[in-house]
Amino acid sequence: MDAQVANNKTSARFEVREIGVVQSVRKFVVLAKGLPSCMNGQIVEFSDGTLGLVMGFNEEKVQILVLGDASNIRAGEEVYNKGKSLNLPVSEAFLGRIVNALCQPQDNLGPIESKETFPVFRVAPGVMERVPVKETLETGTMILDAVIPIAKGQRQLLIGDRLTGKTSVAIDAIISQKGKDVICIYCCIGKPYSALLKILDIFIEKDALDYSIVVSGVASVSTGEQYLAPYTACMLGEYFMYKGKDVLVVFDDLTKHAWVYRQISLLLERAPGREAYPGDIFYIHSQLMERAGFLKPERGNGSMTFFPIVDILQGDVTGYISTNLISMTDGQLYFSTTLFNKGVKPAIDFGLSVSRIGNKAQWPVMKELSKSLRLDYLQYKELLQMTQLRTTGLSKEAEAKLRRGEAINQLIVQDKNKPVSMEVEILYLYALNRGLLDNLSIGQMKHFKQDILAYVSKVYPQFAADIRKFKEFSEDIKQKMEEGLKEYFQEVIR
Ligand code: ATP
Ligand code: MG
């Protein structure tokens, strides 16, 4: 706020101030009188310097959400309205930093320099400012890149029970952006501080902090800040998007955000609706989700991809918040506890997961290689169930299908925080389609996954660069790749 006032010399000299009086304080919600010209979404300041966000009106009183510690605010004190909406500082210097919902540093690395501010509740870019998605976002998770591809500018919901690996997949996507010129923002909402620290450790270990910003709305900060955190994360993303950069924002998680908003609404005495959430929870989330997208070249060609995360109970996707979010995103990844417990990690259920727009931007080579993957795998699952009842007298064809399915199973199982690059995924799928993996033992498969790129690169050093450049197979690439694979299978697997 102050930076903006200083920028604008006239307003520094003649500051508009309306003075109201605090009537009552209920936890983190304040009712005040005497601010006749304030509007929804504007910011007010209490006499101790704490900021408040105008949330609505009730007869002649203003409802204010305290963005910070409300314990020092007392009835009868003054509250000031400067007639401003909530604008927060933005700059390149935010990269590598951990900030709270008010963009204040939380990492003891000193102040963050900034000359500009951006509105936190900006209206999403209109249809005329956007173009359809056209570039793929490499997630580092093979099953996503191959079967449920995600494009830059897409909103992909990560939905599943507790402890099914949702955060891990999102973090892997962030780690994979290293060196790819994508800015990543991780927004933590309502999680314990210890959970955030664990994620920070991974960021540091994998050198992902240089191109990332962490927005912390952990459970220990004020309710107002937890409510604001995703909007702040989105605003920081917009700063880079309007500069022409690609941005990935992870909201972990919006279930907690909905809880926070429900708490605020109940204190504001708004009528509770379905599952006691206020009626405008849909609006609150859709307003946020709409801000993702791919801007047209005249607006800088930037993009913002969203990974909102939602927690559900016992696989039930029919809850209010989850159905809302499914309807306002471009696809969902469904994480299944059953798969997780069987050791299929990441535990993404093929059948229930979709990406509605991602395949439009998929690399042609990936599209070609993964064409039959979903079907092969689903058929394998079906066959597997059947063979549990009957083990003898399988046809040759069924046996081959089972072996192929087993190979796919081995390929999609992936350790957390070890994202696989697109080039390697292409090698895996090529070998799979050629039938080279059908007869490998578990040990051989592990070895293959680890070493194949190194082998192929020995024979064909330009492999990774060529695939990345052309994104499809030429006869030349195919031939050299074949040579590499042949050598590997002759030397290592005899
Ligand atoms: P929460 O509901 O607590 O947010 P979550 O769904 O985000 O959980 P994670 O925190 O990502 O799940 O993972 C849950 C546990 O599963 C963690 O202990 C993590 O180490 C483990 N895990 C996640 N993915 C994998 C994987 N691919 N391989 C092995 N372990 C994994
Ligand atoms: Mg999580």
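Residues numbered from 1 in each chain as written. Chains lettered and ligands numbered in written order. Predicted model: local features only at pLDDT ≥ 70, side-chain atom pairs only at ≥ 80, totals over all residues. Heavy atoms only, no water.

Peer 1: How do you make sense of the environment of Asn 72 when you look at a structure like this?
Peer 2: Structurally, the position occupied by Asn 72 is in the loop between strand E5 (61-67) and strand E6 (78-85). In sequence terms Asn 72 and Thr 50 are 22 residues apart; their C-alpha atoms lie 9.1 Å from each other. Every residue in contact with Asn 72, bar those within four places of it in the chain, is listed here: Asp 48 and Glu 77. (Helix = DSSP H or I, 4+ residues; strand = E, 2+ residues; numbered from the N terminus. Contact = heavy atoms within 4.5 Å.)

Peer 1: Hey, could you run me through the site of ligand 1 in this one?
Peer 2: What surrounds ligand 1 is a group of 15 residues, the closest being Arg 162, Lys 166, Thr 167, Ser 168 and Lys 416. For ligand 1, an oxygen atom lies 3.1 Å from a polar atom in the backbone of Leu 163. Separating an oxygen atom of ligand 1 from a side-chain N or O atom of Lys 416 is a distance of 2.6 Å. Coverage of ligand 1 by the protein chains reaches 76% of its 630 Å² of free accessible surface. Spatially, ligand 1 is embedded in the largest pocket. Top element by residues in the shell around ligand 1 is helix H4 (residues 166-176). It accounts for 3 residues. (Near = heavy atom within 4 Å. Polar contact = N/O pair within 3.5 Å; in protein donor to acceptor, adjacent residues only side chain to side chain. Areas by Shrake-Rupley, 256 points an atom, 1.4 Å probe, with all protein chains shown as cover. 1 Å grid on protein atoms, 1.4 Å probe; cavity = no way out; pocket = protein on both sides within 12 Å on 5 of 7 lines; lining within 4 Å. Sits in = over half its atoms within 2 Å of the grid points.)

Peer 1: Is there a simple way to think about the pattern of salt bridges in this case?
Peer 2: Side chains that differ in charge, positive against negative, can pair when their charged atoms come close. By the definition in use, this model includes 24 salt bridges. In this structure, the salt-bridge partner of Glu 138 is Arg 468, at a minimum N-O distance of 2.9 Å. Of this pair, Glu 138 sits in the loop between strand E9 (116-119) and helix H3 (142-147) while Arg 468 sits in helix H16 (residues 463-470); the two residues are 330 residues apart in sequence, bridging distant segments of the chain. On the basis of relative accessible area, Glu 138 is assigned to the buried category, the value being 9%. The salt bridge partner of Arg 468 is Glu 423, with a shortest N-O separation of 3.1 Å. Highlighted residues: Arg 468 in helix H16 and Glu 423 in helix H14 (residues 422-433), separated in sequence by 45 residues. Note on Arg 468: relative accessible area 27%, which makes it partly exposed. Classification of Glu 423 as buried rests on a relative accessible area of 9%. Through salt bridges with shared partners, one network takes in Lys 166, Lys 191, Asp 252, Asp 253, Lys 256 and Asp 311. (Salt bridge = Lys/Arg side-chain N within 4 Å of Asp/Glu carboxyl O. Buried < 20%, exposed > 50% of the residue type's maximum accessible area, 1.4 Å probe, protein only.)

Peer 1: Explain the pairing of strand E10 (residues 157-160) to me, please; I cannot follow it from the model alone.
Peer 2: Because side chains alternate across E10, one face comprises the buried residues Leu 157 and Ile 159, and the other comprises Leu 158 and Gly 160, equally buried. One ladder, built from 4 bridges, connects E10 with strand E16 (residues 331-335); its direction is parallel. The residue bridging Leu 158 from the neighbouring strand is Leu 333, located in E16. Here 3 bridges tie E10 to strand E15 (residues 303-311), and the two strands are oriented parallel to one another. From the neighbouring strand, Gly 160 faces E15, where its bridge partner is Asp 311. (Pairing = 2+ DSSP bridges.)

Peer 1: Honestly, the layout of surface pockets in this entry has me stumped. Any pointers?
Peer 2: Over the atoms, a rolling probe the size of a water molecule traces out where space has been left empty. Taken as a whole, the largest pocket encloses approximately 820 Å³ of empty space. What lines the largest pocket is a set of 29 residues, and nearest its centre among them are Leu 163, Gly 165, Lys 166, Thr 167 and Ser 168. Breaking the lining of the largest pocket down by element, the ones donating at least two residues are H4, helix H5 (193-205) and E15. Considering each element in turn, the lining of the largest pocket owes the most residues, 6 residues, to H4. (Points joined across faces, edges and corners; volume = space filled by probe spheres on them.)

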